Amino acid sequence: MDARLRHPLADLVTVMWHYVRDPDAEPRVGATAVDPVTFEDQIDLIGRSRTVVGWPAVAAALGGGRGLPSDAVLLTFDDGLVDHHRTVLEHLARRGWPGVFFVTARRTGERLSVGHRIHVLLATLTPDEVRAAVLHRLGRTDRARFLGAERRERAAGVDAIDVLKRPLQRDLAQAAGPILSALIDERWGSEADLADAIHVSATQVADLRGAGMTIGGHGRHHLWLDWEPADRVWAEVADSAAFLADEPKPWSFAYPYGAGHPVAAAALAKAGFSAAFHARTTMATGPFDLGRVDAEAAGVGTMLRGSGR
Ligand SMILES: [Zn+2]
């Protein structure tokens with residue numbers, strides 16, 4: 001293909017991690033994770049197969065500047081999880097590699113996002129138990145909405161666990177969110193303390209920054225930006241921009257749940273962001289539509305090994 005027609009990031013592989021931890025690491029979560037040994041294997045493979053680049057180099061290429069190596073890889077870590085400070089940082093620092101950490105703009109003492117409340121509850125309850133506990137406490141109208149949303153997701157063919165999660169995170173977030181919080185408080189005493197323990201602190205973010213890592217935006221309450229009303233989308237983006245105020249530009253963003261939307265892209269551009277990543281491997285159609293590969297996906301090793309063309 002004519003080089004001028006090639007997307008500037010056509011050769012880039014961007015990898016996305018979430019939890020990087022042993023199953024029994026505290027605080028416990030009932031969510032998929034990459035264990036530290038597997039993580040080490042993955043980055044060994046990356047070191048043998050590819051050239052790790054940082055966000056500034058990717059942003060420059062995206063802006064029409066110097067191109068990236070044909071075997072470039074960008075390492076990204078979502079949700080501002082304590083795992084990234086506890087486990088990931090030392091692995092990257094030892095190799096002198098940069099990474100992008102998409103940290104939510106939550107403040108110390110704030111509750112978990114609805115998505116992360118579900119993770120915490122699923123550490124000790126089965127999905128059916130969470131479902132039953134929520135249904136039991138919902139009012140009649142919300143219960144009907146929940147069952148309708150479940151039917152919709154099941155018909156859409158999403159994974160069984162997402163038939164539970166999506167209605168709670170999207171349709172029922174306002175009604176079921178406080179119920180999930182109550183279930184957590186009843187079991188652990190303080191959801192806010194648990195939230196502080198799961199996420200990086202401001203000091204830990206400073207450590208990441210001090211080690212040469214890039215901090216990016218990920219909203220504040222980890223919402224589906226393709227679902228929420230526009231005023232809440234703009235507020236999430238504004239909170240992220242305020243959180244990054246002292247970070248060098250260009251700023252990048254990762255859509256929570258990978259869910260981009262034109263309203264979110266417009267809000268991001270207005271707030272001073274230069275690019276945003278979703279969570280699929282499709283070719284980018286613009287700076288606010290950058291794809292990523294999930295480090296938990298089957299076949300990720302083949303992708304990382306690549307051929308260098
Ligand atoms: Zn996230």
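Note that the structure is predicted; figures quoted are calculated from it, not measured.

Visitor: It is not clear to me how the overall build of the protein should be interpreted in this structure. Could you clarify?
Guide: Broken down by element type, the protein carries 13 helices and eight strands. On C-alpha atoms alone, the protein measures out to a radius of gyration of 19 Å, which is about the 19 Å that the 2.2 N^0.38 rule sets for 309 residues. Across its three principal axes, the protein shows a C-alpha extent of roughly 60 × 40 × 35 Å. A burial count over the protein gives 42% of its 309 residues as buried.

Visitor: What should I look at first to understand the packing of helix H5 (residues 127–137) against helix H7 (residues 160–169) in this one?
Guide: The geometry of a pair of packed helices is captured by two quantities: the angle between their axes and the separation between those axes. For the pair H5 and H7, the least separation of the axes is 10 Å and the interaxial angle reads 35 degrees. The crossing of H5 and H7 is left-handed. For the pair H5 and H7, contact is made by Pro127, Val130, Arg131 and Val134 and by Ile161, Leu164 and Leu168, respectively. Considered class by class, the residues forming the contact of H5 with H7 number six nonpolar, no polar and one charged.

Visitor: Can you help me understand helix H11 (residues 230–243) in this one?
Guide: Residues lying three or four places apart along an α-helix face the same way, a consequence of the helix completing one turn every 3.6 residues. When the terminal C-alpha atoms of H11 are compared, their 20 Å separation across 14 residues agrees well with the 20 Å that a helix rising 1.5 Å per residue should span. For H11, the secondary structure elements touched by its buried residues are strand S5 (214–217), strand S6 (251–254) and helix H12 (262–271).

Visitor: For this particular structure, what's the right way to read the domain arrangement of the protein?
Guide: Reports of interface size often rely on the accessible area that becomes lost once the parts have come together. By domain assignment, the protein separates into domain 1 (3–106 + 199–305) and domain 2 (114–191). Inter-centroid distance (C-alpha atoms) of domain 1 to domain 2 is 27 Å. In this assembly, eight residues from domain 1 lie in contact with eight residues from domain 2. The residue makeup of the side of domain 1 that touches domain 2, split by class, is five nonpolar, two polar and one charged.

Visitor: Could you clarify how one ought to interpret the environment of Asp24 in this entry?
Guide: Secondary-structure assignment places Asp24 in the loop between strand S1 (13–17) and helix H1 (36–49). Asp24 sits in the exposed class, given 6 other C-beta atoms within 10 Å. Through-space distance from the C-alpha of Asp24 to that of Gly177 is 26 Å; in sequence the pair is 153 residues apart.

Visitor: Please explain the pairing of strand S3 (residues 72–78) as it appears in this structure.
Guide: For a regular strand, the rule is simple: side chains alternate between the two faces of the sheet. Of all seven residues making up S3, six are buried, and the element is well covered by its neighbours. Sheet topology places S1 next to S3; five bridges connect them, and they run parallel. Residue pairing across strands places Val15 opposite Leu75, the latter belonging to S3. Here two bridges tie strand S2 (residues 51–52) to S3, and the two strands are oriented parallel to one another. Looking at the pairing, Thr51 lines up with Ala72 of S3. For the crossover from S2 across helix H2 (residues 55–62) to S3, the handedness is right-handed. Pairing analysis gives three bridges linking S3 to strand S4 (residues 100–103), with the strands arranged parallel. Opposite Phe77, over in S4, you have Phe101 as the bridge partner. Viewed along the sheet, the connection from S3 through helix H3 (residues 82–95) into S4 turns out right-handed.

Visitor: In this structure, what is going on with H12? I would like to understand it.
Guide: All of the buried residues along H12 are Ala264, Ala265, Ala267 and Leu268. Along the axis of H12, the buried positions cluster into a sector of 165 degrees, meaning they face one direction only. Exposed side of H12, more than 90 degrees from the buried face: Pro262 and Lys270 are the residues found there. Where H12 is buried, its residues contact H11, S6 and strand S7 (273–277).

Visitor: What is the right way to read unusual backbone geometry from this model?
Guide: With the exception of glycine, the majority of residues adopt a negative phi angle, and the majority of peptide bonds are in the trans configuration. That bond from Glu26 to Pro27 is cis: its omega, -10 degrees, falls within 30 degrees of zero. Note on placement: Pro27 falls in the loop between S1 and H1. Between Lys249 and the following residue, Pro250, the backbone shows a cis peptide bond with an omega angle of 5 degrees. Tracing the backbone shows Pro250 in the loop between H11 and S6.

So, how was this worked out
- Counting restarts for each chain, with residues numbered from 1 along the sequence as it is written.
- Restriction of local features to residues with pLDDT of at least 70 applies here, the model being predicted, together with a cutoff of 80 or more for giving and counting side-chain atom pairs; totals for whole chains, interfaces and linings are based on all residues.
- Numbering goes from the N terminus for both helices and strands, where a helix is a DSSP run of H or I of at least four residues and a strand is a run of E of at least two.
- For the radius of gyration, the atoms used are the C-alpha atoms, and the globule rule reads 2.2 Å times the number of residues raised to 0.38.
- Around each residue's C-beta, the other C-beta atoms within 10 Å are counted; 20 or more make the residue buried, 12 or fewer make it exposed, and counts in between make it partly exposed. All C-beta atoms are placed from the backbone.
- The axes used here are C-alpha line fits, helices contributing only the stretch in contact, and every angle between their N-to-C directions lies in the interval 0 to 180 degrees.
- Left-handed describes a crossing in which the near helix is turned anticlockwise from the far one by less than a right angle; the clockwise case is right-handed.
- Here contacts are defined at the residue level, using C-beta atoms placed from the backbone and a cut-off of 7 Å between them.
- When residue character is reported, Ala, Val, Leu, Ile, Met, Phe, Trp, Tyr, Cys and Pro are called nonpolar, Asp, Glu, Lys and Arg charged, and the others, Gly included, polar.
- Helices are assigned an expected span. That span is 1.5 Å times one less than the residue count.
- Domain start and stop positions are those given by an automatic or database domain assignment.
- Whether two strands pair comes down to DSSP finding at least two bridges between them.
- With strands facing away from the observer, any crossover in which the path from the first strand over the helix to the second runs clockwise is taken as right-handed.
- The arc in question is formed by the directions pointing from the helix axis toward the C-beta atoms.

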